[in-house]
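# Tertiary structure, described
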Protein chains: 2
Amino acid sequence: MLDHIRFVLCNTTHPGNIGAAARAMKTMAVSRLTLVSPRHFPDAEATARASGADDLLQNATVTDDLEAAVADCHLVLGSSARLRKVALAQYNAREAAEVSVARAAAGQQVAVLFGTERSGLSNDEINRCHALVHIPSNPDYSSLNLGSAVQVLAYEFQMAMLNQAGLEPNRMPDHVPATQNQFQGLMGHFEQAMTVLKILNPKQSATLMARIQRLMSRAEPSDVEINILRGLLSAAEKAAQKSTQKSDTTPAGEVVGPDR
Amino acid sequence: MLDHIRFVLCNTTHPGNIGAAARAMKTMAVSRLTLVSPRHFPDAEATARASGADDLLQNATVTDDLEAAVADCHLVLGSSARLRKVALAQYNAREAAEVSVARAAAGQQVAVLFGTERSGLSNDEINRCHALVHIPSNPDYSSLNLGSAVQVLAYEFQMAMLNQAGLEPNRMPDHVPATQNQFQGLMGHFEQAMTVLKILNPKQSATLMARIQRLMSRAEPSDVEINILRGLLSAAEKAAQKSTQKSDTTPAGEVVGPDR
């Protein structure tokens, strides 16, 4: 079941931390590691720190961007050193592990993201997440390093897996979220339709799109629900193009936004 | 309450591990550290690895033998990498933390012992313990290093303390869901816009609207988010009305059903 769960290290600066993370994961039988544009990898220091967990490094998936790393995921969680003021559910490590293991047991793919050492996940990375995870820690000294954060989370994932038999069967929502690919297709369609409708002020477009992304992330739409929303967006686009065609002389095909 | 709990490192070989343990403890607000005949202490490497938790090193109690380290303790737990065949209670980390915090809350002194890096606690040291603690781990790779073991146990102690005190941190996302009135206004607007766009097949309209309602309910939109969506719906309506005015009775879009 833990093979449905991947830990994704984003933009890791120090290769030693990648090795430490691999070791921490392996002690808890969490074996799928994805690296998003690590600064140095492969690297001798990573291998040295992995200390017997170098199979995780050899089997690691390395991607250029986060999008590719989570494209097939149904649930994306972002680890955060502190509670953040964003409109996302915020789990503690235990809750996150319980939710994730239940999802994995239902066949879903789950990713847990870890940001770069100095500053954690960027806002763009957080916007990809359905929920945040924090490790409760000393408010006066909360500086868990990357390896320690991975250790605690991997530990909770393993505990949740061991306890899984005791999980209430009804914890799973009665619905299967779409993959991130489908979800991003919806986001692209929102942007395109709003552009065609001329309600996307270029100065505020990033903020507005981030808001819509967070809103829709919370809902975790299924593929059917995404199709319903895209049907609405398509109809709105067509109406807008038709009304433009009638009034100006602009050809209908030219007033389209980014690729869907 | 955590001041009634001490972590006792026995015969630690590498001073760096003492520093790592101090750091791991401090992240979880476990602050009482006792060192039983450490090979090198104080030591620059310990201080370096403690990285801001050097106050724990400065305040550490150093003793020559275990007896002195636990003399005033009511409960002594021995950490062990694996289950041992001894006639002692064997807790996992979570159970040990719960028991310890309950004892500490009752005013008792509790010690958790960690053995030397290579071989763990000796039989003599185990004989001082009331119970053993193990961290559930991968049977094929259970080599948590000292710092990691301290990290996981300190984490569980802090979780037990937070649970005991009802001190779960406030995790309300920075987001206030709109009132039901506002929410129903959004639902009405969806229905109206889809009608104007001629994509609401009357036979399926109730089913489709129920689907949209469930989707949006899960997201619990705020009033700002509702305004964003209603802005989009208004723009779509206007475009549809304009295109109808300009031309004829051709439907603006295609009929979509839930299974498009």
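Residues numbered from 1 in each chain as written. Chains lettered and ligands numbered in written order. Predicted model: local features only at pLDDT ≥ 70, side-chain atom pairs only at ≥ 80, totals over all residues. Heavy atoms only, no water.

Below, the discussion takes up the overall build of chain A. Helix and strand counts for chain A stand at ten helices and seven strands. Burial status across chain A gives 60% buried among its 260 residues. Intrachain contacts of chain A at a sequence separation of at least 6 include 84% that bridge at least 24 residues. Total accessible area on chain A is roughly 10,500 Å²; 46% of this is exposed by carbon and sulfur atoms. Both charge centroids of chain A, one from 24 positive and one from 26 negative side chains, sit 6 Å from each other. (Helix = DSSP H or I, 4+ residues; strand = E, 2+ residues; numbered from the N terminus. Buried < 20%, exposed > 50% of the residue type's maximum accessible area, 1.4 Å probe, protein only. Contact = heavy atoms within 4.5 Å. Areas by Shrake-Rupley, 256 points an atom, 1.4 Å probe, with all protein chains shown as cover. Lys, Arg positive; Asp, Glu negative; His and termini not counted. Charge placed at Lys NZ, Arg CZ, Asp CG, Glu CD.)

Quick look at the packing of aromatic side chains now. Tallied over the full model, the rule gives four aromatic pairs over all chains. With a centroid separation of 5.3 Å and 50 degrees between ring planes, the pair formed by F7 of chain B and F114 of chain B is classed as tilted. In this pair, F7 of chain B is assigned in strand 1 (residues 5-10) and F114 of chain B in strand 6 (residues 110-114), connecting sequence segments 107 residues apart. With respect to class, F7 of chain B is no different from F114 of chain B; both count as buried. Pairing F7 of chain B with F157 of chain B gives two aromatic rings, centres 5.5 Å apart and planes at 80 degrees, and the pair type is edge-to-face. Placement of the pair is F7 of chain B in strand 1 and F157 of chain B in helix 7 (residues 146-164), with a sequence separation of 150 residues. Taking relative accessible area as the criterion, F7 of chain B reaches 0% and is therefore assigned buried. What links up through ring pairs into an aromatic cluster is the set F7, F114 and F157 of chain A. For K26 of chain A, the ring lying beneath its charged end belongs to Y141 of chain B, and the centroid distance is 4.9 Å. (Phe/Tyr/Trp six-rings, centres within 6.5 Å; stacked < 30°, edge-to-face > 60°. Lys NZ or Arg CZ within 6 Å of the ring centre and 35° of its normal.)

Residue and element names in this part refer to chain A. Taken domain by domain, chain A comprises domain 1 (2-171) and domain 2 (180-254). Taking the mean C-alpha position of each, domain 1 and domain 2 sit 32 Å from one another. The interface is formed by 14 residues belonging to domain 1 together with nine residues belonging to domain 2. Where domain 1 abuts domain 2, roughly 1,100 Å² becomes buried across the two surfaces, and 44% of that area is made up of carbon and sulfur atoms. Considering only the side of domain 1, the residues that lose the most area to domain 2 are N127, R128 and H130, jointly responsible for 48% of the buried surface there. (Domains from an automatic or database assignment. Buried area = accessible area lost by both parts, 1.4 Å probe.)

On the side of chain B, 74 residues touch chain A, which itself brings 72 residues to the contact. When chain A packs against chain B, the two sides together hide about 5,900 Å² of surface, and 64% of this comes from carbon and sulfur. The largest contributions to the chain A side of the interface with chain B come from R94, Y141 and I228 of chain A, which together make up 12% of the buried area. Connecting chain A to chain B are three salt bridges. Measuring nitrogen to oxygen at the nearest pair gives 2.7 Å for the salt bridge that ties E156 of chain A to R94 of chain B. In this assembly, chain A and chain B are joined by 18 residue pairs in polar contact (both at pLDDT 80 or more). Of all elements in the fold, only helix 1 (15-27), strand 5 (89-92), helix 5 (93-105), helix 7 (146-163), helix 8 (180-196), helix 9 (205-219) and helix 10 (223-247) of chain A reach the threshold of two or more residues within the side of chain A that touches chain B. If you tally residues by element for the side of chain A that touches chain B, the top one is helix 10 of chain A, at 19 residues. Grouping the amino acids of the side of chain A that touches chain B by side-chain chemistry returns 37 nonpolar, 21 polar and 14 charged. (Salt bridge = Lys/Arg side-chain N within 4 Å of Asp/Glu carboxyl O. Polar contact = N/O pair within 3.5 Å; in protein donor to acceptor, adjacent residues only side chain to side chain. Nonpolar A, V, L, I, M, F, W, Y, C, P; charged D, E, K, R; others polar.)

With that settled, consider the nonpolar core. Soluble globular proteins: nonpolar side chains tend toward being buried together. Grouped together as the largest cluster of nonpolar side chains are 91 residues, with contacts concentrated most on F7 and F157 of chain A together with F7 of chain B. Ranked by the residues each element gives to this core, the list is headed by helix 7 of chain B, at twelve residues. Residue contacts for F7 of chain B: discarding those within four places in its chain leaves M25, V30, R32, L33, T34, V112, F114, V150, L153, A154 and F157 of chain B. F183 and A240 of chain A together with I199 and L233 of chain B belong to the second-largest nonpolar core, a separate cluster that totals 50 residues. (Core = buried A, V, L, I, M, F, W, Y, C linked by side-chain atoms within 4.5 Å.)

The next point concerns the sheet that holds strand 4 (residues 75-80) of chain B. Residues and elements named next belong to chain B. Strand order in this open sheet of seven strands is 3-2-1-6-4-7-5, and the pairing throughout is parallel. Only two strands of the sheet have a single neighbouring strand rather than two, namely strand 3 (61-63) and strand 5 (89-92). Going from strand to strand, the sheet's axes swing by 25 degrees on average, the running direction of each strand aside. Of the strand pairs in this sheet, strand 4 and strand 6 are connected by four bridges, and their pairing is parallel. The residue bridging G78 from the neighbouring strand is L113, located in strand 6. Contacting strand 1 and strand 2 (32-36), helix 1 (residues 15-27) crosses the sheet at an angle of about 160 degrees to strand 2. (Pairing = 2+ DSSP bridges. Axes fitted to C-alpha atoms, helices over the stretch in contact; angles between N-to-C directions.)

Below, the discussion takes up the sheet that holds strand 3 (residues 61-63) of chain A. All names here are of chain A. With respect to topology, seven strands assemble into an open sheet ordered 3-2-1-6-4-7-5, the strand pairing being parallel. Pairing within the sheet leaves two strands with one partner each, and these edge strands are strand 3 and strand 5. Between one strand axis and the next, the sheet turns through 25 degrees on average, direction left out of account. Here strand 5 pairs with strand 7 (residues 131-134) via four bridges, running parallel. Within the sheet, the bridge partner assigned to Q90 lies in strand 7 and is L132. Each of strand 1 (5-10) and strand 2 (32-36) touches helix 1; the most contacted strand, strand 2, lies at about 160 degrees to it.

Okay, helix 9 (residues 205-219) of chain B next. Residues and elements named next belong to chain B. Here helix 9 spans 21 Å end to end across 15 residues, near enough to the 21 Å set by a 1.5 Å rise per residue. Turning to helix 9, its buried residues number three or more, namely S205, L208, M209, I212, L215, M216 and A219. Within helix 9, the buried residues cover an arc of 125 degrees as seen down the axis, which keeps them to one side. Relative to its buried face, helix 9 has exposed residues pointing more than 90 degrees away, namely A206 and R214. With its phi angle positive at about 45 degrees, E220 sits one or two positions after the end of helix 9. (Expected span 1.5 Å × (residues − 1). Arc of directions from axis to C-beta.)

Moving on, we come to the environment of L33 of chain B. All names here are of chain B. Tracing the backbone shows L33 in strand 2. Residue class for L33 comes out buried when judged on its relative accessible area of 3%. Between the C-alpha atoms of L33 and T244, which are 211 residues apart in sequence, the distance is 78 Å.

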